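# Structural description and commentary
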Amino acid sequence: FSLEATVLPTEIAGDRRNILEAQTPAVALFIEPGGKLVGSVHTAQGWQGLDSGATLIAVRTSTRVALRRDASGAMVLSINGKVVASKNIPGPIVNVGEAGFKIGSWVDGVRFPFQGKVSEVMVRQGAVDAGCYGAKDLMTPNMDALAARGVRFTQFYAAAPVCSPSRAGLLT
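Reference entry: report on the structure contained in this document. (Residues numbered from 1 in each chain as written. Predicted model: local features only at pLDDT ≥ 70, side-chain atom pairs only at ≥ 80, totals over all residues. Heavy atoms only, no water.)

## Things to note about the overall build of the chain
Our working rule: Secondary structure elements are taken from DSSP: a helix is a run of H or I of four residues or more, a strand is a run of E of two residues or more, and numbering for both begins at the N terminus. What makes two residues a contact is simply this: any of their non-hydrogen atoms within 4.5 Å. Reported accessibility uses the Shrake-Rupley method at a 1.4 Å probe radius. Residues are deemed covered only where the shown protein chains occlude them.
When you go through the chain residue by residue, the secondary structure sums to two helices and ten strands. Here the contacts in the chain between residues at least 6 apart in sequence split such that 56% fall between residues at least 24 apart. Of the roughly 10,100 Å² of accessible surface on the chain, 56% is carried by carbon and sulfur atoms.

## Overview of the pairing of strand E8 (residues 82–88)
To keep things clear, this is the line we draw: For two strands to be treated as a pair, DSSP must find at least two bridges joining them.
In the sheet, strand E7 (residues 74–79) pairs with E8 via six bridges, with the strands oriented antiparallel. Paired with Ser78 across the two strands is Val83, which belongs to E8. The hairpin formed by E7 and E8 contains two residues between the paired strands, and Asn80 there has a positive phi angle of roughly 50 degrees.

## What about the sheet that holds strand E6 (residues 63–69)?
Short version of the rule: Where helices are involved, their axes are fitted lines through C-alpha atoms of the stretch in contact, as for all axes, and angles between N-to-C directions lie from 0 to 180°.
Sheet architecture is open: five strands sit in the order E8-E7-E6-E1-E10, paired in antiparallel fashion. Strand pairing shows two members of the sheet lacking a second neighbour, E8 and strand E10 (115–124), which therefore form its edges. With strand direction ignored, the average angle separating the axes of adjacent strands in the sheet is 15 degrees.

## Focus on the nonpolar core
Put simply, the rule reads: Joining through side-chain atoms within 4.5 Å is the link that ties buried Ala, Val, Leu, Ile, Met, Phe, Trp, Tyr and Cys residues into a set, and such a set is a nonpolar core. A 1.4 Å probe rolled over the protein chains alone gives each residue an accessible area, and that area as a share of the maximum for its type sets the label: buried under 20%, exposed over 50%, partly exposed in between.
In terms of nonpolar packing, the biggest core is built from 23 residues, with Ile19, Leu29, Leu37, Val65, Leu67 and Leu77 touching the most fellow members. Elements represented by at least two residues in this core include exactly strand E1 (2–11), strand E2 (17–23), strand E3 (26–31), strand E4 (36–43), E6, E7 and E8. Dropping the residues within four chain positions of it, Leu29 is found in contact with Leu3, Asn18, Ile19, Leu20, Leu37, Val38, Gly39, Val65, Leu67 and Leu77.

## Things to note about the packing of aromatic side chains
In plain terms, the rule: We call Phe, Tyr and Trp rings a pair once their centres come within 6.5 Å, taking the six-membered ring for Trp, and we label the pair stacked below 30 degrees between planes, edge-to-face above 60, and tilted otherwise. For a lysine, the NZ atom is tested; for an arginine, the CZ atom; a charge sits over a ring if that atom is within 6 Å of the ring centre and within 35 degrees of the ring normal.
Going through the model one piece at a time under the given rule, you end up with zero aromatic pairs. Looking at Arg16, its charged tip hangs above the ring of Phe112, at a distance of 4.3 Å from the centre. Taking the ring centre of Trp106 as reference, the NZ or CZ of Arg111 above it sits at 4.5 Å.

## Digging into unusual backbone geometry
Cis peptide bonds are those with omega within 30 degrees of zero, and the linkage from Thr24 to Pro25 qualifies with -5 degrees. In this structure, Pro25 sits in the loop between E2 and E3. Here Phe112, not a glycine, exhibits a phi torsion of approximately 55 degrees, which is positive. Checked against the element boundaries, Phe112 lands in the loop between strand E9 (102–103) and E10. Positive phi is not limited to glycine here, since Glu120 has a value of about 50 degrees. Mapping Glu120 onto the fold places it in strand E10.

## Section: the sheet that holds E2
Sheets are built from strands that pair by backbone hydrogen bonding, the pairs being arranged parallel or antiparallel. Taking strand neighbours across the sheet as the criterion, the five strands line up as E5-E4-E3-E2-E9 in an open arrangement whose pairing is antiparallel. Whereas interior strands pair on both sides, the edge strands pair on one side only; in this sheet they are strand E5 (46–56) and E9. Where E4 lies against E5, seven bridges are found, and the strand directions are antiparallel. In the strand pairing of E5, His42 is matched with Trp47.

Honestly, that's just the spatial picture; any functional story needs more than this.
Okay, structure coming up:
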């Protein structure tokens, strides 16, 4: 999956500031009071996460943030396109309740309010993968053959945010 958003915090002090959080799937992306970006998932071992270390989110600065996790459990946290943390957290995500995604607060809609703007939110479940990128559970001989000849597909674009117009965009 991947969680991405553009944030423009007006205040970070006090309690944590949630960007995105859900109980189903059990994932969270938030800013700690000191400005660290944190991404976490809930597995059978409980909540586990990674933080941005010395790279901090600044007040009144528009910042693109992202949390990604692949099927093997490899998690990556990035700020403005730069990887600031990575960690392997194996095992499936274990849901902790019924609440879906909340933007700018905890799942109750009240606690951990984000102060400022959260925009350009993208939540993607699943991943496009191929053997040439390390997937062990997919057979992609044509993609692997292209990659062996030096053709790599590293960016994807969609003509529309929903299925039918995107398919039509591929045909035109």
